[in-house]
Each structure stands twice: as C-alpha cells, then as structure tokens.
Amino acid sequence: RQRVVIAAALVLEPDLLVADEPVSMLDVSLRAEILNLLLQIRDQQGITILYITHDLATAAYFTDRVAVMYLGRIVEIGPTAAVLSDPRHPYTRALLSVIPVPNPRRRRERTILAGETPNPIDPPAGCRFRPRCPVAFDRCSEQDPELRSVGAGHEMACLLDEHT
C-alpha cells in the first residue's frame with residue numbers, strides 16, 4: 001500500500017512530498033525498503049521530502065535536518081546529527097532516552113515524563129512543556145521561550161541554559 005500511495009503522489013511530479021508516518025505500521029524489513037525507496041526517489045528526482053514521524057531512529061536514518069515539536073511548537077531544530085547527538089531541549093532528551101539500545105553496556109538512563117500532555121487548544125502559560133519538564137523553574141511559567149542558536153544551524157526554545 002505504501003508503494004502505491006508513493007507512486008500516486010509522484011505522478012503529479014511534485015517538488016515537495018509530505019510523508020506522514022510512512023513506515024509506522026510496517027515490520028523492520030519493510031520499513032528499510034520503503035525508506036530506501038524514498039531516498040532513491042529523493043536523489044533521482046530531486047524532490048524535497050517532509051518526513052513526519054514519532055520515530056527518531058528512522059528520522060536519524062532518513063533526514064538531513066530535524067525539527068522536534070511539542071504541542072505544535074518547534075522546541076529544537078537543526079542538522080539531524082547535531083540534534084540527535086547533542087540534544088539540548090529537555091523534551092528532545094526525553095524522547096531520545098527511551099529509544100531502545102541493543103547493547104546492554106551502552107544503555108542510558110530513561111527520562112519518563114510525568115503528568116499528561118496539556119490541552120493543545122488551551123496550552124499552559126509560559127513554556128508549553130513546563131508542566132512535564134523535569135528541569136522547569138519559576139520563569140518557565142512566565143515566559144514562552146523563542147528559538148535561539150545553540151550551535152551551527154542548531155536552535156532550541158528553552159530558558160534552561162539562560163538560567164544556569
């Protein structure tokens with residue numbers, strides 16, 4: 001089905017292909033096949049692919065740049081390698097902490113977020129991530145952080161570094 005949907009989308013010769021969770025319900029071998037097909041199409045036809053996923057492992061394999069969003073707001077954006085190897089936002093760190101690591105000697109401490117995701121229609125005052133953030137402090141309830149540079153092409157929206 002994924003191949004048929006991809007083929008149907010490409011008939012129109014788009015400059016941009018939006019791939020929303022294209023491999024989410026597939027087993028590992030089919031995931032790799034579809035991702036490799038999309039990479040091949042991208043390279044051969046020169047199209048841009050906006051890859052939307054909750055799976056940071058496939059994002060690491062497939063993307064050049066990544067944007068991590070929370071409640072409809074970008075909290076961290078930049079080159080995929082930079083964001084995933086040096087996550088700066090507490091939400092990005094939490095997401096990466098729960099990715100399974102096959103080597104038991106290299107396992108990392110998991111960050112399990114407390115509480116429920118706030119209502120996106122009525123987000124909390126200040127930082128939207130504050131109610132679940134393990135490092136929130138007083139100013140987080142007052143100020144909604146803007147994206148700011150934390151490296152070459154790497155930006156994040158958090159008051160944490162300004163606080164410490």
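Parameters at a glance
Residues numbered from 1 in each chain as written. Predicted model: local features only at pLDDT ≥ 70, side-chain atom pairs only at ≥ 80, totals over all residues. Heavy atoms only, no water. Patch = residues over 30% accessible without salt bridge, like charges linked within 9 Å, V, L, I, M, F, W, Y side chains within 5 Å. Areas by Shrake-Rupley, 256 points an atom, 1.4 Å probe, with all protein chains shown as cover. Salt bridge = Lys/Arg side-chain N within 4 Å of Asp/Glu carboxyl O. Helix = DSSP H or I, 4+ residues; strand = E, 2+ residues; numbered from the N terminus. Buried < 20%, exposed > 50% of the residue type's maximum accessible area, 1.4 Å probe, protein only. Contact = heavy atoms within 4.5 Å. Pairing = 2+ DSSP bridges. 1 Å grid on protein atoms, 1.4 Å probe; cavity = no way out; pocket = protein on both sides within 12 Å on 5 of 7 lines; lining within 4 Å. Points joined across faces, edges and corners; volume = space filled by probe spheres on them. Nonpolar A, V, L, I, M, F, W, Y, C, P; charged D, E, K, R; others polar. Axes fitted to C-alpha atoms, helices over the stretch in contact; angles between N-to-C directions.

### Things to note about a nonpolar patch on the surface
Thinking step 1. Where nonpolar side chains cluster on the molecular surface, the patch consists of L16, V18, L50 and I52 and spans about 340 Å² of accessible area.
Thinking step 2. Mapped onto the fold, L50 is located in strand β2 (residues 48–52).

### Observations concerning the environment of R132
Thinking step 1. Within the secondary structure layout, R132 lies in the loop between α5 (90–97) and β5 (148–151).
Thinking step 2. With relative accessibility at 14%, the residue R132 sits in the buried group.
Thinking step 3. Each C-alpha atom, one on R132 and one on G115, is 6.0 Å from the other, the two residues being 17 residues apart in sequence.
Thinking step 4. Discounting residues that sit within four places of it in the chain, R132 has contacts with Y70, L113, A114, G115, E116, T117 and P118.

### Re the pairing of strand β4 (residues 73–79)
Thinking step 1. As judged from the 6 bridges shared by strand β3 (residues 65–70) and β4, these two strands associate in the antiparallel manner. If you follow V66 over to β4, its bridge partner there is G78.
Thinking step 2. Linking two consecutive strands that pair antiparallel, namely β3 and β4, is a turn of 2 residues; a positive phi of about 50° is found at L71 within it.
Thinking step 3. Examined bridge by bridge, β4 and strand β6 (residues 154–156) share 2 bridges and lie antiparallel to one another. Of the residues in β6, the one forming a bridge with E76 is M156.

### With respect to empty space enclosed by the protein
Thinking step 1. Enumeration according to the criterion identifies 1 cavity of 30 Å³ or more in this entry.
Thinking step 2. There is about 70 Å³ of room inside the largest cavity.
Thinking step 3. If you trace the largest cavity, you find 13 residues lining it, with C127, C133, A136, C140 and C158 closest to the centre.
Thinking step 4. When grouped by side-chain class, the residues that make up the lining of the largest cavity number 11 nonpolar, 1 polar and 1 charged.

### Concerning the layout of surface pockets
Thinking step 1. Looking at the largest pocket, its volume works out to about 750 Å³.
Thinking step 2. Along its surface, the largest pocket is lined by 24 residues, and Y51, I52, T53, V66 and A67 are the ones closest to its centre.
Thinking step 3. For the lining of the largest pocket, the secondary structure elements donating two or more residues are β2, α3 (56–62), β3 and α5.
Thinking step 4. Considering only residue class, the lining of the largest pocket consists of 14 nonpolar, 4 polar and 6 charged.
Thinking step 5. Every residue along the wall of the second largest pocket is listed here: L56, A60, L84, S85, L96, I99, P100, V101, P102 and R108.
Thinking step 6. Those elements that provide at least two residues to the lining of the second largest pocket are α3 and α4 (80–85).
Thinking step 7. When its residues are assigned to classes, the lining of the second largest pocket shows 8 nonpolar, 1 polar and 1 charged.

### With respect to the sheet that holds β3
Thinking step 1. If you walk across this open sheet you meet the 4 strands as β3-β4-β6-β5, and the pairing is antiparallel. Where the open sheet ends on each side, the last strands, each with one partner, are β3 and β5. The average undirected angle you get between the axes of adjacent strands in this sheet is 25°.

### Considerations on α5
Owing to its 3.6 residues per turn, the α-helix aligns residues three or four sequence positions apart on the same side.
Thinking step 1. Burial analysis of α5 places 6 of its 8 residues in the buried class, the great majority of the element.
Thinking step 2. Among the residues making up α5, those that are buried are P90, Y91, T92, A94, L96 and S97.
Thinking step 3. In this structure, the buried side of α5 is in contact with α3, β3, β4 and α4.

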